[in-house]
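Structural features, examined
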Amino acid sequence: KMNSENRKPFTVLVEGNIGSGKTTFLEHFRQFEDITLLTEPVEQWRNLRGWNLLDLMYKDPAKWAMTFQSYVSLTMVDMHLRPTPTPVKLMERSIFSARYCFVENMLRNGILHEAEFAVLDEWFRFIQQHMSIDADLIVYLKTSPSVVHERIRKRARSEEQCVPLKYLEDLHQLHEDWLVNRAFAECPAPVVIIDADLDLSQITDEYKKSEHQILRKAVDVVMR
Ligand SMILES: Cc1cc2cn([C@H]3C[C@H](O)[C@@H](CO)O3)c(=O)nc2[nH]1
């Protein structure tokens, strides 16, 4: 059913560490016709006019992190602004996790130069001020770094095979500071936390829990 009067859809951001099960979580909602799913455009990052920016970034972070994060942010803004025919929109990650988790981590680890960070931060602030990018709910797939480290090895996405546990620990802490401890950045929406350490068989119940929260909130918004 069309999103009447082209109103803003109820927007859910699905956030979590690398390997936390975001794509699996999103696929669970493919069954609902009133929800548009926007999965992370990794394939665009792996092939921009023939260049695999994801691979370049992991192979030589100091040289390619800026280029990679610039393009990631562009693809995220594209997703945020994408018109949605349904009353509910689920997005995998956002410009918020780009800035508060990945870019922040690369600054703190010295991968991004302060000047590069400053440019990315100026873009982030400009986008936030001048574009209508908002979220109504964040679903945080909370994991343990050791669990996702093992999953990444099993998933065997070639570019990620050298991602060290410490990188995942740092990213985990930044997700916790942003979404749980509210330590250093404003959180754009209320957060539903899912225990995503559970393996695939058990996790469906966890999803169902969030499903009711998402759909109930979505119905409230749509019926408003
Ligand atoms: C918003 C955002 C997503 C994102 C993903 N990545 C990496 C982590 C994974 O290895 C891969 C797919 O999520 O891309 C990144 O380095 N920086 C990012 N920023």
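Shown above is the structure to which this text applies.
Just so we're clear, the structure is a prediction, and the values are computed from it rather than from any experiment.

Each value, and the rule that gives it
- Residues numbered from 1 in each chain as written.
- Predicted model: local features only at pLDDT ≥ 70, side-chain atom pairs only at ≥ 80, totals over all residues.
- Heavy atoms only, no water.
- Near = heavy atom within 4 Å.
- Polar contact = N/O pair within 3.5 Å; in protein donor to acceptor, adjacent residues only side chain to side chain.
- 1 Å grid on protein atoms, 1.4 Å probe; cavity = no way out; pocket = protein on both sides within 12 Å on 5 of 7 lines; lining within 4 Å.
- Sits in = over half its atoms within 2 Å of the grid points.
- Helix = DSSP H or I, 4+ residues; strand = E, 2+ residues; numbered from the N terminus.
- Contact = heavy atoms within 4.5 Å.
- Salt bridge = Lys/Arg side-chain N within 4 Å of Asp/Glu carboxyl O.
- Buried < 20%, exposed > 50% of the residue type's maximum accessible area, 1.4 Å probe, protein only.
- Points joined across faces, edges and corners; volume = space filled by probe spheres on them.
- Nonpolar A, V, L, I, M, F, W, Y, C, P; charged D, E, K, R; others polar.
- Core = buried A, V, L, I, M, F, W, Y, C linked by side-chain atoms within 4.5 Å.
- Phe/Tyr/Trp six-rings, centres within 6.5 Å; stacked < 30°, edge-to-face > 60°.

Here's the deal with the site of the ligand
- Around the ligand, the surrounding shell holds 16 residues, and the nearest of these are Glu40, Tyr58, Gln69, Arg93 and Glu160.
- With respect to the ligand, the side chain of Glu40 contributes an N or O atom lying 2.7 Å from an oxygen atom.
- Gln69 is positioned such that a nitrogen or oxygen atom in its side chain is 3.0 Å from a nitrogen atom of the ligand.
- When each cavity is represented as a set of grid points, the ligand is found to reside in the largest pocket.
- Secondary-structure elements contributing two or more residues to the shell around the ligand are α2 (42-46), α3 (53-59), α4 (61-81) and α5 (95-108).

Some words on the side chain of Asn105
- For Asn105, the position within the fold is in helix α5.
- Those residues within four positions of Asn105 in sequence are excluded, and the remaining contacts are Tyr167, Asp170, Leu171 and Leu174.

Quick word on the pattern of salt bridges
- Following the criterion strictly, the structure yields 17 salt bridges and no others.
- Between Glu40 and Arg93 there is a salt bridge, with its nearest N and O atoms 2.6 Å apart. Highlighted residues: Glu40 in the loop between β2 (35-38) and α2 and Arg93 in the loop between β3 (88-92) and α5, separated in sequence by 53 residues.
- A salt bridge links Arg99 to Glu104, with the nearest nitrogen and oxygen atoms 2.8 Å apart. Each member of the pair, Arg99 as well as Glu104, carries the same accessibility label: buried.
- Overlapping salt bridges, with partners in common, bring together Arg99, Glu104, Arg108, Asp121 and Arg125 in one network.

Remarks on the layout of surface pockets
- Size it by volume and the largest pocket reaches roughly 740 Å³.
- Listed by contribution, the elements that provide at least two residues to the lining of the largest pocket are α1 (22-28), α2, α3, α4, α5, α7 (145-155) and α9 (200-223).
- The element that contributes the greatest number of residues to the lining of the largest pocket is α7, accounting for six residues.
- For the lining of the largest pocket, the per-class residue count stands at 20 nonpolar, eight polar and 12 charged.

Observations concerning the nonpolar core
- Formed by 46 residues in total, the largest nonpolar core has its most connected members in Ile95, Phe96, Tyr167 and Trp178.
- Elements that contribute at least two residues to this core include exactly α2, α3, α4, α5, α6 (114-130), β4 (137-142), α7 and α8 (165-179).
- When near neighbours in sequence (up to four residues on either side) are disregarded, Tyr167 contacts Ile18, Tyr58, Phe102, Asn105, Met106, Asn109 and Ile111.
- In terms of nonpolar packing, the next biggest core, distinct from the first, is built from 19 residues, Val12, Val14, Leu37 and Ile194 among them.

Concerning unusual backbone geometry
- A positive phi is found at Arg93, a non-glycine position, where the angle reads about 65 degrees.
- What makes Arg93 buried here is its relative accessible area of 7%.
- In the Ramachandran plot, Ala156 falls in the positive-phi region, its phi being about 55 degrees despite a non-glycine side chain.
- Here Ala156 lies in the loop between α7 and α8.

Focus on the packing of aromatic side chains
- Taken as a whole and assessed by the stated rule, the structure comprises six aromatic pairs.
- For the ring pair Phe25 and Phe29, a centre distance of 5.0 Å and an interplane angle of 55 degrees mean the geometry is tilted. Here the two residues Phe25 and Phe29 agree in accessibility, since each one is buried.

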